[in-house]
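What the coordinates show
Listed below, chain by chain, are the residues.
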Amino acid sequence: QITLKESGPTLVKPTQTLTLTCTFSGFSLSTSGVGVGWIRQPPRKALEWLALIYWNDDKRYSPSLKSRLTITKDTSKNQVVLRMTNMDPVDTATYYCAHNTVDTPMVFDFWGQGILVTVSS
Amino acid sequence: DIQMTQSPSSVSASVGDRVTITCRASQGISNWLAWYQQKPGKAPKLLIYTTSSLQSGVPSRFSGSGSGTDFTLTISSLQPEDFATYYCQQANSFPITFGQGTRLEIK
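Structure report, in brief. Since this is a predicted model, take the numbers as computed values, not measurements. (Residues numbered from 1 in each chain as written. Chains lettered and ligands numbered in written order. Predicted model: local features only at pLDDT ≥ 70, side-chain atom pairs only at ≥ 80, totals over all residues. Heavy atoms only, no water.)

**Focus on the overall build of chain A**
Helix and strand content of chain A: zero helices and eleven strands. When the elements of chain A are put in sequence order from the N terminus, they spell out β-β-β-β-β-β-β-β-β-β-β. Its C-alpha radius of gyration of 14 Å places chain A within 12% of the 14 Å reference for a compact globule of 121 residues. Considering only C-alpha atoms, chain A reaches an extent of 40 × 25 × 25 Å along its principal axes. (Helix = DSSP H or I, 4+ residues; strand = E, 2+ residues; numbered from the N terminus. Rg over C-alpha atoms; globule rule 2.2 N^0.38 Å.)

Structure below.
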């Protein structure tokens, strides 16, 4: 079955760079049509899509955060990494990675449990 | 960006009630609309994609309809486990955008 799990620091200081890793199983990012995305959710607020990477290394970013985001994949390790620069307290949120396929384009059918990242000095 | 607006923001209902949640897109998205359910402290769960296709394992009391800019999620007979927050999401174009959520509470 498909599983995903986020890992990384739970506390970062303002101006630092956040690096989150999504480790998955049950699918391969070398399979045509597969993608992995990142979505975040500030406490008690709505979901916000951040980035999506496809099997062919096509990458899409939220325009409002594009200058701060980098998404990469390591197919051999079954991992996707999200890097966000210049962190600010408003970036405090639970960060989720999620699976996507061409069967449900731009829709996330399996999600990780999420990781709460707090930005504070 | 396509803005997604849900109504109501919150609704109170009882077990057995029929509930409808509405989602409106700021421009036409054909049928590229998904619905998620989220319980406190948990990740969202995909319920419906392409407006009305039920994700595997989702009970048939959930249904979706609409096209263009106006969409609805209907729960035909509320069960205790359905009390949660529901989000719509447009899958028509990047950037992917979500509605602000509808909290379904027990009356």
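**Brief notes about the environment of A:G33**
All names here are of chain A. Turning to its location among the elements, G33 is positioned in the loop between β3 (18-25) and β4 (34-41). The exposure class assigned to G33 is buried, which follows from its relative accessible area of 6%. Remark: the alpha-carbon pair of G33 and Y54, spanning 21 residues in sequence, is separated by 7.1 Å. Residues in contact with G33, not counting those within four places in the same chain, are W55, N100, T101 and V102. (Buried < 20%, exposed > 50% of the residue type's maximum accessible area, 1.4 Å probe, protein only. Contact = heavy atoms within 4.5 Å.)

**Topic: the packing of aromatic side chains**
How two aromatic rings sit relative to each other is given by the distance of their centres and the angle of their planes. All names here are of chain A. This structure, assessed with the given rule, holds eight aromatic pairs over all chains. Taking 5.6 Å as the distance between ring centres and 75° as the angle between the ring planes, the aromatic pair formed by Y96 and W111 counts as edge-to-face. With Y96 in strand β9 (residues 93-101) and W111 in strand β10 (residues 110-111), the pair connects residues that are 15 residues apart, well separated along the chain. Assessed through its relative accessible area of 4%, Y96 is described here as buried. Judged by relative accessible area, which is 12%, W111 ranks as buried. (Phe/Tyr/Trp six-rings, centres within 6.5 Å; stacked < 30°, edge-to-face > 60°.)

**Examining the pattern of salt bridges**
For the coordinates displayed, the defined rule picks out nine salt bridges over all chains. One network of salt bridges, in which partners are shared, links A:R40, A:E48, A:R68 and A:D91. (Salt bridge = Lys/Arg side-chain N within 4 Å of Asp/Glu carboxyl O.)

**Focus on the environment of A:T94**
All names here are of chain A. Position of T94 relative to the elements: it lies in strand β9. On the accessibility criterion, T94 (19% relative accessible area) is buried. Once the C-alpha coordinates of T94 and T118 are considered, the two residues, 24 residues apart in sequence, prove to be 8.6 Å apart. The contacts of T94, once residues within four sequence positions are left out, are I39, R40, Q41, G114, I115 and L116.

**A short note on the sheet that holds strand β7 (residues 62-67) of chain B**
All names here are of chain B. If you walk across this open sheet you meet the four strands as β1-β3-β8-β7, and the pairing is antiparallel. Since the sheet does not close on itself, it has two edges, and those belong to β1 (4-7) and β7, each with one partner. For this sheet the average axis-to-axis angle between neighbouring strands, irrespective of direction, equals 20°. Where β7 meets strand β8 (residues 70-75), six bridges bridge the pair, whose relative direction is antiparallel. Paired with F62 across the two strands is I75, which belongs to β8. (Pairing = 2+ DSSP bridges. Axes fitted to C-alpha atoms, helices over the stretch in contact; angles between N-to-C directions.)

**Section: the nonpolar core**
Within the largest apolar cluster, 29 residues are counted, with the highest numbers of intra-cluster contacts made by A:W38, A:L50, A:V80 and A:Y95. Among the elements that line this core, the one with the most residues is β3(A), at four residues. Residues within four places of A:V80 in sequence aside, it is in contact with A:L20, A:T21, A:C22, A:F24, A:L29, A:V36, A:W38, A:I53, A:I71, A:T72 and A:K73. Membership of the second largest hydrophobic core comes to 23 residues, among which are B:W35, B:I48, B:L73 and B:F83. (Core = buried A, V, L, I, M, F, W, Y, C linked by side-chain atoms within 4.5 Å.)

**A look at the interface of chain B and chain A**
With 22 residues of chain B in contact, the opposing surface of chain A contributes 20 residues. Of the roughly 1700 Å² buried between chain B and chain A, counting both surfaces, carbon and sulfur atoms make up 73%. When the buried surface of chain B facing chain A is broken down by residue, B:F94, B:I96 and B:F98 rank first, second and third, together holding 33% of it. In this assembly, chain B and chain A are joined by zero salt bridges. On the surface where chain B and chain A come into contact, there are six residue pairs in polar contact (both at pLDDT 80 or more). Among the secondary structure elements, those contributing two or more residues to the side of chain B that touches chain A are β4 (33-38), β5 (45-49) and β9 (85-90) of chain B. The element contributing the most residues to the side of chain B that touches chain A is β4(B), with three residues. Of the residues belonging to the side of chain B that touches chain A, the class tally is 13 nonpolar, seven polar and two charged. (Buried area = accessible area lost by both parts, 1.4 Å probe. Polar contact = N/O pair within 3.5 Å; in protein donor to acceptor, adjacent residues only side chain to side chain. Nonpolar A, V, L, I, M, F, W, Y, C, P; charged D, E, K, R; others polar.)

Any link to function would need more than the numbers given here.
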